[in-house]
Amino acid sequence: LVVGTRNTLERRLLSCWFTFWLCVFFTLAATYGAWLLTCEPLQWLWSFLASPFWKLWNLPQELQIEEALALTFVLWLLARFAYLSARGWFEGWIAKQKCEESLRRALEQPFRADLEQGFAAPELPTPTTAAEVVAADRPAACAGGN
C-alpha cells in the first residue's frame, strides 16, 4: 500500500512539474509574440504589407509602385507556400503508396533462400597451407634469421 501511494504521489508531482514548465514556456511565448506584433518597426512592416490589400478591398484606386511591388511579393509568397505545402503532401502520399505496394509485392512473393550443403561450416586451412601463408607474410630479412 505504501509503495503504490508513493508511486502515485511521484507521478502527480512529475505531472505538476511538467505543467509548471509548460505554463512558464507559454507565458514567455505569449509575451514575446505580443511584443513582436506591437513593436513599432514591426507595426510599420505589417501596415506596409497590408496597405495594398486594404486599398484594393476598399477603393479601386491606383496603387503606388511600392504598394504594387509589396502586393505582388506577398501574393507570390502565399502562392509559393500553398504550392510547396501541396507538393509536400502529395509527395508524402505517393511515397506511402509506393511503400504499401512494395510491402504487398513482398508479401505475395516471399523470398526463400536455398542454401548449399555445408554453407555455414567453417573452412579450416591445412597446417601446410597456414605455414605457407605465415611464411609469405614474413619479410625476407626475418625469414632467414629465425
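Because the structure is a prediction, the values reported are computed rather than measured.

The helix and strand inventory of the protein chain stands at five helices and zero strands. The order of α-helices and β-strands along the protein chain, N terminus first, is α-α-α-α-α. Looking at the 146 residues of the protein chain, the share that counts as buried comes to 5%. As displayed, the protein chain has an accessible area near 13600 Å², and 69% of this comes from carbon and sulfur atoms.

What follows is about the pattern of salt bridges. With the rule as written, the count across this model stands at three salt bridges. Close ionic contact of E91 with R87 constitutes a salt bridge, the shortest N to O distance being 3.0 Å. Taken together, the residues E91 and R87, both in helix α3 (residues 65–108) and four residues apart, mark about one turn of the helix. Residue E101 pairs with R104 through a salt bridge whose shortest N-O separation is 2.9 Å. With E101 and R104 both in helix α3 and three residues apart, this pair spans about one turn of that helix. Within this structure, E100, E101 and R104 form a network of salt bridges that share partners.

Below, the discussion takes up the packing of aromatic side chains. Inspection of the entire model under this criterion finds seven aromatic pairs. Pairing F73 with W76 gives two aromatic rings, centres 6.2 Å apart and planes at 35°, and the pair type is tilted. Highlighted residues: F73 and W76, both in helix α3, separated by three residues, approximately one helical turn. Accessibility expressed as a relative area gives 46% for F73, which makes it partly exposed. Cluster of aromatic residues (ring-pair linked, three or more members): W17, F20 and W21.

Another aspect to go through is α3. Side chains three or four residues apart in an α-helix point the same way, a direct result of the helix having 3.6 residues per turn. An ideal rise of 1.5 Å per residue puts 64 Å on 44 residues; α3 measures up with 64 Å between its terminal C-alpha atoms. All buried positions along α3 are accounted for by E67, A70, L71 and V74.

Glancing now at helix α2 (residues 40–58). With 19 residues, α2 ought to run about 27 Å at 1.5 Å a step, and its terminal C-alpha atoms sit 25 Å apart, in line with that. Where α2 bends most, at A50, the angle is about 35°, and the proline P52 comes one to four residues later.

Let's shift gears to the confidence of the model for the protein chain. A residue-level look at the protein chain finds 77% of positions with pLDDT of 70 or above and a mean pLDDT of 79. Across the protein chain, the element-wise mean pLDDT spans from 52 in helix α5 (residues 140–145) up to 91 in α3.

Two packed helices can be described by the angle between their axes and the distance between those axes. The geometry of α2 relative to α3 is characterised by a closest axis approach of 8 Å and an angle of 100° between their N-to-C directions. Taken as axis vectors, α2 and α3 run roughly perpendicular relative to one another. Residues F48, L49, S51, P52, F53, K55 and L56 of α2 form the contact with α3, whose participating residues are E66, E67, A70, L71, V74 and L75. Here the contact of α2 with α3 is built from residues that sort into nine nonpolar, one polar and three charged.

Cut-offs applied
- Residues numbered from 1 in each chain as written.
- Predicted model: local features only at pLDDT ≥ 70, side-chain atom pairs only at ≥ 80, totals over all residues.
- Heavy atoms only, no water.
- Helix = DSSP H or I, 4+ residues; strand = E, 2+ residues; numbered from the N terminus.
- Buried < 20%, exposed > 50% of the residue type's maximum accessible area, 1.4 Å probe, protein only.
- Areas by Shrake-Rupley, 256 points an atom, 1.4 Å probe, with all protein chains shown as cover.
- Salt bridge = Lys/Arg side-chain N within 4 Å of Asp/Glu carboxyl O.
- Phe/Tyr/Trp six-rings, centres within 6.5 Å; stacked < 30°, edge-to-face > 60°.
- Expected span 1.5 Å × (residues − 1).
- Bend = angle between axes of the 7 residues up to and from the residue.
- pLDDT = per-residue confidence, 0-100.
- Axes fitted to C-alpha atoms, helices over the stretch in contact; angles between N-to-C directions.
- Parallel < 35°, antiparallel > 145°, perpendicular 65-115°, else oblique.
- Contact = heavy atoms within 4.5 Å.
- Nonpolar A, V, L, I, M, F, W, Y, C, P; charged D, E, K, R; others polar.

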